[in-house]
Amino acid sequence: DNPDGIAFVENTTERMRIRGDGITFNGDTAAANTLNDYEEGTWTPAFYTSGGVTTTTTTTNYGIYTKIGRMVYIHAKLHVTLSSLPGQIVTVTGLPFTGETATVDTGQRAIFAIGGDASNLGGNAGGSRTAHFRLNNDQLQGVYMNSGTTAYWYYNHMDSTTFDMNIHGHYAAQ
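Residues numbered from 1 in each chain as written. Predicted model: local features only at pLDDT ≥ 70, side-chain atom pairs only at ≥ 80, totals over all residues. Heavy atoms only, no water.

A. The arrangement of the side chain of T24 in detail. On the secondary structure map, T24 appears in strand β3 (residues 22-25). Polar contacts involving the side chain of T24 include one to the main-chain carbonyl oxygen of D28, which spans 3.4 Å. Excluding anything up to four places from it in sequence, T24 contacts E14, R15, M16, R17, R19 and T34. (Helix = DSSP H or I, 4+ residues; strand = E, 2+ residues; numbered from the N terminus. Polar contact = N/O pair within 3.5 Å; in protein donor to acceptor, adjacent residues only side chain to side chain. Contact = heavy atoms within 4.5 Å.)

Take a look at the structure:
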């Protein structure tokens, strides 16, 4: 049992060390710089309003993630038919991990792009008003730029109750 772990050395320079609390690189011994978590998996995105989940039909609902340390990288491909287009903020739930809380002091906000073969997302989703998602703890909220300021993207801004969307981004988990 070696409390210092196993070191991988090239010539006289330590490149990596495996310890009980994780992996360190290049001779670094600081706990904050120890890689102690790696995970890959799937997640199930769902659309939500204050009245509950509004998804009625989902023919493609595929979400994958990779977590390295506290950073979570997500991707999702969705083809969805909603029961209605209420005047509420487009919200996606089901994230694999709760995000770090954004505060005025830290200014942490993760932005998630909508891309690929998206369709029927409405005028606020394209052109100079490109819609995107921002992290709000354990969900994504739809926003877009409107004359240089952030505005919320509502379900009733969409062209149709049936739409395609790809979501890509990353955030810091709690």
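Past the structure itself, the notes keep going.
B. Region of the structure containing the packing of aromatic side chains. By the definition in use, this model includes 3 aromatic pairs. Where F47 meets F163, the ring centres are 5.3 Å apart and the plane angle is 90°; that geometry is what we call edge-to-face. With F47 in strand β5 (residues 46-49) and F163 in strand β14 (residues 162-172), this pair connects stretches of sequence that are 116 residues apart. You can call F47 buried: its relative accessible area is 1%. Aromatic side chains F133 and W153 sit 5.9 Å apart centroid to centroid with 55° between the ring planes, which places their arrangement in the tilted category. Separated by 20 residues along the polypeptide, F133 in strand β11 (residues 131-136) and W153 in the loop between β13 (149-152) and β14 bring together distant segments of the chain. Each member of the pair, F133 together with W153, is buried. Cation over ring: K67 sits above F97, and NZ or CZ is 5.1 Å from the ring centre. (Phe/Tyr/Trp six-rings, centres within 6.5 Å; stacked < 30°, edge-to-face > 60°. Buried < 20%, exposed > 50% of the residue type's maximum accessible area, 1.4 Å probe, protein only. Lys NZ or Arg CZ within 6 Å of the ring centre and 35° of its normal.)

C. Main features of the confidence of the model for the protein. Scored by pLDDT, the protein comes out at a mean of 81, with 79% of its residues at no less than 70. For the protein, the element scoring lowest by mean pLDDT is strand β6 (residues 52-53), at 60; strand β4 (residues 38-43) scores highest, at 95. (pLDDT = per-residue confidence, 0-100.)

D. Summary view of the pattern of salt bridges. For the structure on display, the rule yields 5 salt bridges. Here E10 and R15 are joined by a salt bridge, their closest N and O atoms 3.0 Å apart. On the accessibility criterion, E10 (45% relative accessible area) is partly exposed. By relative accessible area, which is 39% here, R15 ends up partly exposed. With a shortest N-O distance of 3.0 Å, R19 and D21 are connected by a salt bridge. (Salt bridge = Lys/Arg side-chain N within 4 Å of Asp/Glu carboxyl O.)

E. Molecular detail of the sheet that holds β3. Taken in spatial order, the 3 strands of this open sheet run β1-β2-β3, and their pairing is antiparallel. With one partner strand each, in any of the chains shown, β1 (6-10) and β3 form the two edges of the open sheet. Each strand of the sheet is rotated relative to its neighbour by a mean of 15°, with strand direction disregarded. With 5 bridges connecting them, β1 and strand β2 (residues 13-19) associate as antiparallel partners. By the bridge assignment for β2, F8 is matched with M16. (Pairing = 2+ DSSP bridges. Axes fitted to C-alpha atoms, helices over the stretch in contact; angles between N-to-C directions.)

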